[in-house]
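Coordinate inspection notes
For reference, the chains in residue letters:
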Amino acid sequence: MDNRAEVSAFLKSRRDKITPEQAGLPVYGNRRVSGLRRSEVALLAGVSVEYYTRLERGNLSGASDSVLDSLAQALRLDDTERTHLYDLARAANATPARARRRPARPTVRPSVQRIVEGLPELPAFVQNNRFDVLVANPLARALYSEMYADTACQANTARFVFLSPAARRLYIDWEHVAEAGVGALRVEAGKNPYDRELSNLIGELSTRSDTFRVMWGAHDVHVYQSGRKRFRHPVVGDLDLEYERMELPGDTGLAIAVYSAPPGTAAEDGLKLLASWSATAEVAQAAEADAEN
């Protein structure tokens with residue numbers, strides 16, 4: 001197993017997106033391709049056509065940082081795409097045995113769990129690089145109540161987005177959320193080509209969702225850091241929330257995601273109502289459990 005097919009498809013997809021006019025190249029006669037030719041990328045990157053052809057066929061082994069930088073500049077890669085290219089090159093230069101040596105599956109430290117649970121007014125949760133929700137506070141579970149209600153999702157937001165009809169109701173901007181999720185999975189696959197569980201998840205989504213399969217074929221990449229998501233919650237209605245996603249140092253692949261609302265907004269009132277509903281639901285569940293015992 002290697003990442004040559006991934007490298008090849010990524011480079012070609014970026015080349016196809018750039019016109020000669022955007023690259024500052026003259027256009028002569030009729031062109032069979034809308035994007036750049038291999039020879040034009042080679043010219044812009046300052047390498048031979050033969051060498052660029054080798055790269056686009058998926059062979060990044062031995063490519064120097066200067067070559068990767070020149071290639072990124074020629075293909076007009078943004079910061080996320082440039083990092084993805086370096087991840088692909090790093091994976092190509094790792095031996096299979098070395099690439100497969102991964103630390104034990106990370107677990108959420110008790111101190112991190114206390115931080116998440118210590119934010120009662122903000123939905124907060126911890127995810128791994130496959131978007132499994134490992135720990136969530138009550139308000140986050142209330143926000144994603146429909147995901148938790150669908151046991152087939154296995155508390156995985158990627159499965160929820162593509163396999164649960166409820167996701168299209170919950171996310172007002174579902175298509176944007178879906179594209180970002182696919183791009184984030186693409187980044188993780190570039191970093192960890194030998195992660196069997198990640199590969200299995202991608203394979204499952206590709207098999208069960210035509211939409212995922214089409215988006216995956218675009219080879220776009222995305223990194224979650226901060227942003228805005230709009231929800232249409234079945235209990236409290238519309239919530240326009242801001243989020244921050246913070247990687248946990250020393251915990252490979254783990255990150256904390258926290259949602260919040262600006263003070264004085266309808267979304268802030270909505271979160272308070274959601275917290276009240278969550279507390280009531282938890283009391284009812286506890287009473288039901290006591291009655292069963």
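Residues numbered from 1 in each chain as written. Predicted model: local features only at pLDDT ≥ 70, side-chain atom pairs only at ≥ 80, totals over all residues. Heavy atoms only, no water.

Here five strands make up an open sheet; going across it, the order is 2-1-5-4-3 and the pairing antiparallel. Since the sheet does not close on itself, it has two edges, and those belong to strand 2 (133–136) and strand 3 (226–233), each with one partner. Averaged over all neighbouring strand pairs, the angle between strand axes comes to 30 degrees, with direction disregarded. The sheet contact formed by strand 1 (residues 124–127) and strand 2 spans three bridges and is antiparallel. Residue Phe125 lies in a different strand from strand 2, and its bridge partner there is Ala136. Where helix 8 (residues 110–117) meets the sheet, it contacts strand 1, strand 2 and strand 5 (255–260), and its direction lies at approximately 150 degrees from that of strand 1. (Pairing = 2+ DSSP bridges. Helix = DSSP H or I, 4+ residues; strand = E, 2+ residues; numbered from the N terminus. Axes fitted to C-alpha atoms, helices over the stretch in contact; angles between N-to-C directions. Contact = heavy atoms within 4.5 Å.)

Ranked by internal contacts, the top residues of the largest apolar core, which has 46 residues, are Tyr144, Phe160, Phe162, Tyr171, Leu185, Phe231 and Leu241. Of the residues forming this core, the biggest block, eight residues, is contributed by helix 13 (residues 174–191). With near-sequence residues (within four places) excluded, Phe231 lies in contact with Leu143, Tyr144, Leu170, Tyr171, Ile172, Gly237, Asp238, Leu239, Leu241 and Tyr259. Grouped together as the second largest cluster of nonpolar side chains are 25 residues, Val7, Leu11, Tyr52 and Leu55 included. (Core = buried A, V, L, I, M, F, W, Y, C linked by side-chain atoms within 4.5 Å. Buried < 20%, exposed > 50% of the residue type's maximum accessible area, 1.4 Å probe, protein only.)

Here we take up the pattern of salt bridges. Considering all chains together, one arrives at 21 salt bridges under this definition. Across the pair Glu6 and Arg186 runs a salt bridge, and its minimum N-O distance is 2.4 Å. Pair noted here: Glu6 is in helix 1 (residues 4–16) and Arg186 is in helix 13, with a separation of 180 residues, a long-range link. A salt bridge links Asp240 to Arg228; its shortest N-O distance comes to 2.6 Å. Highlighted residues: Asp240 in strand 4 (residues 237–247) and Arg228 in strand 3, separated in sequence by twelve residues. The exposure class of Asp240 is partly exposed, given its relative accessible area of 33%. One network of salt bridges, with partners in common, ties together Arg14, Lys17, Glu81 and Asp220. (Salt bridge = Lys/Arg side-chain N within 4 Å of Asp/Glu carboxyl O.)

Where strand 3 and strand 4 come together, eight bridges link them in antiparallel fashion. What sits directly across from Arg230, in strand 4, is Asp240. Between the end of strand 3 and the start of strand 4, which pair antiparallel, lie three residues.

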